[in-house]
Amino acid sequence: MRFLSALFSLLFMVAVSGVIVLYLIFQHYSYDLPDYAYLKDYQPPILTRIYADDGRMMATIAAEQRIFVPIKSIPKLVSGAFLSAEDQNFYRHAGVDVLGIARAALMNLQNVGRDRRPMGASTITQQVAKNMLLTNEVSISRKVKEIILAGRLETSLSKDRILEIYMNEIFLGNRSYGVASAALNYFNKSLDELTVAEAAYLAALPKAPNNYHPVRSHDAALTRRNWVISRMLEDGLITQEQADAAVLAPLQTRSRDETEIVTGGEYFTEEARRQLVSRFGVNLVLEGGLAVKTSLDPKMQSVATQALRDGLIEYDRRNRGYRGPVAHLNSLQNWLAQLKNVPVPVGAESWQMAVVIDVSKTEAELAVIDGTRGHLPWKEMSWARREISMDSFGPPIKKPADVFAVGDVILVEAVKTAADGKEYPVGRYTLRQVPLVQGAIVAMDPHTGRVFAMTGGFSSRISQYNRATQAYRQPGSSFKPFVYMAALDKGFTPSSLVMDAPFEYVQGPGMPLWRPENYSQVFYGPTPLRIGIEKSRNVMTVRLANAIGMDAVVDEAKKFGVVEDMPNLLSFALGAKETTVMRMAAAYGMIVNGGKKITPSIIDRVQDRDGKTLWRVDTRFCEECLSQNWVPGRETPEIPDTREQIEDSRVTYQMTSMLEGVVQRGTGARLRALGFPVAGKTGTTNDSRDAWFVGFTPDLVAAVYVGFDEPHTLGSHETGASVAIPVFQMFMSAAMKGKPAIPFRIPEGLRMVRVNGTTGALAPASDPKGIWEAFIPDTEPKEWEMRPVLDGTITGEYANGVDSVEGRGELTPVVIDGGEVPSSSPFAPATQGTGGLY
């Protein structure tokens, strides 16, 4: 009896000592615990979603890919699956599951020596404490802190709140934080669409997502999923029939359908991200759950990207050469396995790789990476002369063996028709390579500045450098419309004559004379302004700019947003000042919209995670739009037009008409094949380093640029007409398909007069060259009127014949010192330009 009493006393003292020790330990680790009070109002960082104009998602931006879902909106099937897998007693314990710890300890003892992963006993509350307040350090001190915090969380937060934080914070692999993001990324479903098997698979992931990857670790993932299903059955969450069906269900993931997301707008998305970070800061963009509505039109973006890629590929074939195979296989044994180990060149992801297995006189036989055989006809490789360097090429090729050797790994794309339109048999391919030349295209609404499409290069995988917004390049002759509009502002008309004759400009003491030339190296004598634009005459453009003063040209360029600033040097009249594709598109948009100021925009509206609008591009106020009494059938409220009028709409229409002439009779004549009203201007810089075309219909403007990132000639005979126009044509043809052909809108206050399109003189109805020209009243040509010629002659209305003076290179050069215009000139401006050239 004494022994039992002593033993009881000893045990009691040990127990009391243990309690004291535990108390002291808990007190010790309680001093520096993190503050958990913020979890009461905690809002987890969630992803920012970017949407296209049609409402489809383009991209997400986030440090952690998370979509927050309140606990009341999470289906019981999903939350129950996680409780069955992670914490069956969640709603019964106080933060620590003592029975669970005992069960885990027993199971771990039984599994000793069986090479099994130890069974954990952390509750969901403990996991929240660890994930939100502590680190992943494996130590006794961290475990003690976790237990203490779990108990405190249980007293300060409801069970549902703790479960809500857990379900939205847990990392489930595949870039997924939270169950909602995982449901989309693994199965392309919302939570309420998940099946029993799918919910069980997601609940199988928290322990080690990488160990249960649905493809790489399929069998382990299936076993783990089926174990969760058994736990769900044990907890009464599902019936036996549901469990049996779920176990038999295959484990298959599904990515987003193409109809649900927008692809191909990587440059657009990156520009949107840059603008968001600039306006809202990186933290709000990465964690704030913003909803961003953009102006991107998915159809236009797709055709713009394809048009630019096709144009760059076509130029690369026409002007460059073949830069060799991707790789070479020394043996064709196990060729497929070898081919799959060859890295795909950056930018070539949309093409297939193939190995040449035989070469004949007319074709190369291929083994394609998809396991099939194919043929590459001579027509599809006849361009592939070897390119040694940017300026050096190999000898001409005459047969396939001059291009390929057996074992060469090449890039190919299936083709159905040859360049001559003849259909190929099935299994024919064309040779591909990633072009070195780059380019950009922008399409926007000329009335609002909303950008419908933007592609800043051949592939964003090569470089995210956006040549539409970040590359400043010389626009060449595509700048000329702003010189001519400045002249129209000063009283010139489309029929005003300017002498196209040799011109010399004194640049300053000790500097050589500047002698601009036309592309044709021919001078044409007295020429109407319209012809100067249509045929892109350099000399008469310089003469015109000199006459009106470069200050007027600079003001016009700044007014239209082509540049922020520009020296008043005469050479800049020919487009020597660098600008961007985006600026040029907007500037031309202001021509066709009647001279209204627009600012390019790619983001329409930004909302926070609660749906509150933080920013929108359209800030116009419409009181009637907010009326609560509006009913169907009532007249739609008119929203005020607050755009600044930066140019006389009559002048901009005159320029629109002249640019339409570029397409009908000038350097853009190739575009007549489009079959609907279109206007625009080509641009080519010195040595053909940059090629442009900027053009528009009444409701759509597009700008195209092509050039090398490191400036290099595109080729001595390459121009905006040969390089940029094909891209514009492909885009406009697809973008306008099915849309009505609308003529350009003519503003009030103009008088339409029939003139000869070549001379600018009044034309009778029988004149085959007659066109309708727009004049501001009282500026139109008069019958038998003596018409002045800038820097030249006075000619009679019917005596003038520009066609007869083609090639008048013997005309005496006009030398104008320092940019001065002789006061005797009938076109002498009130303020003279100072001139100059670098």
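That block above? That's the structure.
Every residue gets a number counted from 1 within its own chain, in the order that chain's sequence is written. Local features in this predicted model are restricted to residues of pLDDT 70 or higher, and side-chain atom pairs are both shown and tallied only at a pLDDT of 80 or more, whereas totals for entire chains, interfaces and linings draw on every residue. Hydrogens are left out, water is left out, and the side-chain values use all remaining heavy atoms of the structure.

**Some points on the side chain of S79**
Rule in force here: A run of DSSP states H or I qualifies as a helix once it reaches four residues; a run of E qualifies as a strand once it reaches two. Both are numbered from the N-terminal end. What makes two residues a contact is simply this: any of their non-hydrogen atoms within 4.5 Å.
Its place among the elements puts S79 in helix α2 (residues 76–86). Here S79 is in contact with I74, L163 and M167, once residues within four sequence places are set aside.

**Considerations on empty space enclosed by the protein**
Convention followed: With a 1 Å grid laid over protein atoms only, a set of points is called a cavity when a 1.4 Å probe fits there but cannot get out and a pocket when it is open yet has protein on both sides within 12 Å along at least five of seven lines; lining residues have an atom within 4 Å of a point. Grid points are joined across faces, edges and corners, and a volume is the space filled by probe spheres set on the points. For this classification, the nonpolar set comprises Ala, Val, Leu, Ile, Met, Phe, Trp, Tyr, Cys and Pro, the charged set comprises Asp, Glu, Lys and Arg, and every other residue, Gly included, is treated as polar.
Summed over all chains, the structure comprises 1 cavity of 30 Å³ or more. In this structure, the largest cavity occupies an estimated 30 Å³ of space. Forming the walls of the largest cavity are I313, D316, R317, W383, L431, R432 and Q433. Listed by contribution, the elements that provide at least two residues to the lining of the largest cavity are α13 (298–319) and β11 (429–432). The dominant element in the lining of the largest cavity, judged by the number of residues it contributes, is α13, at 3 residues. Residues that form the lining of the largest cavity fall into these classes: 3 nonpolar, 1 polar and 3 charged.

**Considering the packing of aromatic side chains**
Here is the rule we go by: Two aromatic rings, drawn from Phe, Tyr or Trp (for Trp, its six-membered ring), form a pair once their centres lie within 6.5 Å of each other, and the interplanar angle then sorts them: stacked below 30 degrees, edge-to-face above 60, tilted otherwise. For every residue, the accessible area (1.4 Å probe, protein chains only) is compared with the maximum for its type, and the residue is labelled buried under 20%, exposed over 50%, or partly exposed between those bounds. Note on geometry: a ring has a charge over it if NZ (lysine) or CZ (arginine) is within 6 Å of the ring centre and within 35 degrees of the ring normal.
A complete count under the given rule lists 18 aromatic pairs for this structure. Between Y315 and F708, the aromatic rings sit 6.3 Å apart at their centres with planes inclined by 70 degrees, giving edge-to-face as the arrangement. Within this pair, whereas Y315 is found in helix α13, its partner F708 is found in the loop between β21 (700–707) and α21 (720–735), the two being separated by 393 residues in sequence. Comparing Y315 with F708, the two get one shared label, buried. Aromatic pair F479 and F482: ring centres 5.9 Å apart, planes at 45 degrees, arrangement tilted. Residue class for F482 comes out buried when judged on its relative accessible area of 0%. Members of the aromatic cluster, joined through ring pairs, are F479, F482, F560, Y588, F696 and F744. For K159, the ring lying beneath its charged end belongs to F90, and the centroid distance is 4.5 Å.

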